Amino acid sequence: MKNISLDIGTKTLKIVIGNKTEIEDCIVREHFSDPLRILHELENSHQIAEKSRSKGVLTGCYKHILCGKENYTMMDWTIPVIEYCREQYPDLQFIIDIGAASLSLVEIKDGEEP
């Protein structure tokens, strides 16, 4: 089964399509405060039409507009990113996420976020 993950940020819609071991496609589009329009354009252009009905995850500040309307589960980015970074970088001390409208800092102390 294909998975589709959407990050609907302040300025862009980011889509990753793949399965557990392989990324098939990545799409990044500026949405000009109308992410649904861009998502529907991508579906109509068949870039993600059939794939978008697969299992999916939503993140980002606009994630609430699709929750319950599509086959997606809302998720905060923080936990999966921390888990991945801890695995890949055992000596990790902090994670910085720089978005279009915000800056987030997660500090890691003794392998645990404070």
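Just so it is clear, the model here is predicted, and its values are computed rather than measured.

Observations regarding the nonpolar core
Leu-6, Ile-8, Leu-13, Ile-15, Leu-39, Leu-42 and Leu-66 are the most contacted members of the largest nonpolar core, which has 13 residues in total. Among the secondary structure elements, those contributing two or more residues to this core are β1 (3–8), β2 (12–18) and α1 (35–44). The contact partners of Leu-13, leaving out residues within four places of it in the chain, are Leu-6, Asp-7, Ile-8, Ile-27, Val-28, Arg-29, His-31, Pro-35, Ile-38, Leu-39 and Leu-42. Leu-92, Ile-95, Val-106 and Ile-108 belong to the second-largest nonpolar core, a separate cluster that totals six residues.

Structural notes on the environment of Phe-32
Within the secondary structure, Phe-32 is located in the loop between β3 (23–30) and α1. Taking C-alpha positions, Phe-32 is 8.6 Å from Thr-10, a pair spaced 22 residues apart along the chain.

A look at the pattern of salt bridges
Where charged atoms from two side chains of opposite charge approach closely, those side chains can pair. For the coordinates displayed, the defined rule picks out four salt bridges. Residue Glu-41 pairs with Arg-29 through a salt bridge whose shortest N-O separation is 3.1 Å. Remark: Arg-29 occurs in strand β3 and Glu-41 occurs in helix α1; sequence separation between them is twelve residues. Its relative accessible area of 33% is what places Glu-41 among the partly exposed residues. For Arg-29, a relative accessible area of 29% gives the class partly exposed. Residues Asp-34 and Arg-37 are paired through a salt bridge, measuring 3.6 Å at the closest nitrogen-oxygen approach. Residue classification places Arg-37 among the partly exposed residues on the basis of a relative accessible area of 36%. Connected via shared salt-bridge partners are Arg-29, Asp-34, Arg-37 and Glu-41.

What about α1?
Three- or four-residue spacings in an α-helix give side chains the same orientation, since the helix completes a turn every 3.6 residues. Within the sequence span of α1, burial applies to Pro-35, Ile-38, Leu-39, Leu-42 and Glu-43. Projected onto a plane normal to the axis of α1, the buried residues spread over an arc of 140° and lie on a single side.

How each quantity is defined
Residues numbered from 1 in each chain as written. Predicted model: local features only at pLDDT ≥ 70, side-chain atom pairs only at ≥ 80, totals over all residues. Heavy atoms only, no water. Core = buried A, V, L, I, M, F, W, Y, C linked by side-chain atoms within 4.5 Å. Buried < 20%, exposed > 50% of the residue type's maximum accessible area, 1.4 Å probe, protein only. Helix = DSSP H or I, 4+ residues; strand = E, 2+ residues; numbered from the N terminus. Contact = heavy atoms within 4.5 Å. Salt bridge = Lys/Arg side-chain N within 4 Å of Asp/Glu carboxyl O. Arc of directions from axis to C-beta.

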